[in-house]
Amino acid sequence: MKILGVTGTSGSGKSTFSKILNERDDIKVVDADQVSKDLSVPGTEYLQDVVDAFGKEVLKEDGNLNRRYLAHIIYNDEKEREKLNSITFPHITKEIYERIKAFAEPKIKYAVIDAPLLFEAGLDKVCDSVISLVATKELQVKRICQRDCLDEQTAIARLSSQKPASFYIDNSDIVIMNTENTNLREEAKKVLEALERKDSLVLERKDKVDEGR
């Protein structure tokens, strides 16, 4: 089983791309955002650590995490964002590794880590290949506003706290430019075909080395 990392800034389309991959029987996806949500329910060590760091103000009346309030804090203060990441990354990465281990069965060819902060969390180091999706800033803002019901100014502020497209282009094995006309289903097919060709070439080279011994 190979591990693939799928990442990109908000509004790049990475989650849509991962959902397409997850339709295949031989691929399993771990969504880092969902892992974070699963771990932040009342009574967990994860949530308690967040409360200890940011105060009870980050909780709703029912004891659940107030994600919108916390997002307002971290997207407007880099130091607060780094503090949150330092607290949550160990919990999230540990759970991701556990879920990937559970996929270890013959029919699963790829385990995919869908994570917006793949590089920041160091998860890229366990990936055999990293796939990044990028888009123009204008299109990202449009998608964020539509998806999260945010105003344009808030969407721009959110993007300004994330790495630029150039970072993903420079640090990824495969990059998909996701425009309004991009067919992500076709892109997913191309990516998987490229990965399978790469595996075939590696096996072919190994066979030739074995023959020469």
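Note that the structure is predicted; figures quoted are calculated from it, not measured.

Ordered in space as E2-E3-E1-E4-E5, the five strands form an open sheet in which the pairing is parallel. Single-partner strands in this sheet number two, and they are strand E2 (27-31) and strand E5 (174-177). In this sheet, adjacent strand axes meet at a mean angle of 20° when their direction is disregarded. Here strand E4 (residues 129-134) pairs with E5 via four bridges, running parallel. Each residue of the ladder has a partner; that of Val134, found in E5, is Met177.

With 93% of its residues at a pLDDT of 70 or more, the chain has an overall mean of 88. Within the model, the stretch residues 200-213 combines pLDDT values under 50 with zero contacts to residues more than four positions away or in other chains.

As enumerated under the stated definition, the model contains 13 salt bridges in all. A salt bridge links Glu95 to Arg99, with the nearest nitrogen and oxygen atoms 2.9 Å apart. Linking Glu95 with Arg99, this pair stays in helix H5 (residues 78-101), spanning four residues, or about one helical turn. Overall, Glu95 belongs to the partly exposed group, its relative accessible area being 24%. The partner of Lys101 in a salt bridge is Glu98, and the shortest N-O contact between them spans 3.8 Å. Pair noted here: Lys101 and Glu98 are both in helix H5, with a separation of three residues, about one helical turn. You can call Lys101 exposed: its relative accessible area is 58%. In the salt-bridge network here, residues are joined through shared partners; they are Arg24, Asp26, Lys109 and Glu196.

Next up on the list: the side chain of Ser36. Within the secondary structure, Ser36 is located in helix H2 (residues 32-39). Look at Ser36 and you get buried, because its relative accessible area is 11%. Beyond its immediate sequence surroundings of up to four residues, Ser36 is in contact with Tyr46, Arg67 and Ile92.

Now for the pairing of E4. Judged by how many residues are buried, E4 sits mostly within the fold: six of six residues are covered. Residues Ser129, Ile131 and Leu133 line one face of E4 and the alternating positions Val130, Ser132 and Val134 line the opposite face, and both faces are buried. Of the strand pairs in this sheet, strand E1 (residues 2-7) and E4 are connected by four bridges, and their pairing is parallel. Of the residues in E4, the one forming a bridge with Val6 is Ile131.

Quick notes on the rules
Residues numbered from 1 in each chain as written. Predicted model: local features only at pLDDT ≥ 70, side-chain atom pairs only at ≥ 80, totals over all residues. Heavy atoms only, no water. Pairing = 2+ DSSP bridges. Helix = DSSP H or I, 4+ residues; strand = E, 2+ residues; numbered from the N terminus. Axes fitted to C-alpha atoms, helices over the stretch in contact; angles between N-to-C directions. pLDDT = per-residue confidence, 0-100. Contact = heavy atoms within 4.5 Å. Salt bridge = Lys/Arg side-chain N within 4 Å of Asp/Glu carboxyl O. Buried < 20%, exposed > 50% of the residue type's maximum accessible area, 1.4 Å probe, protein only.

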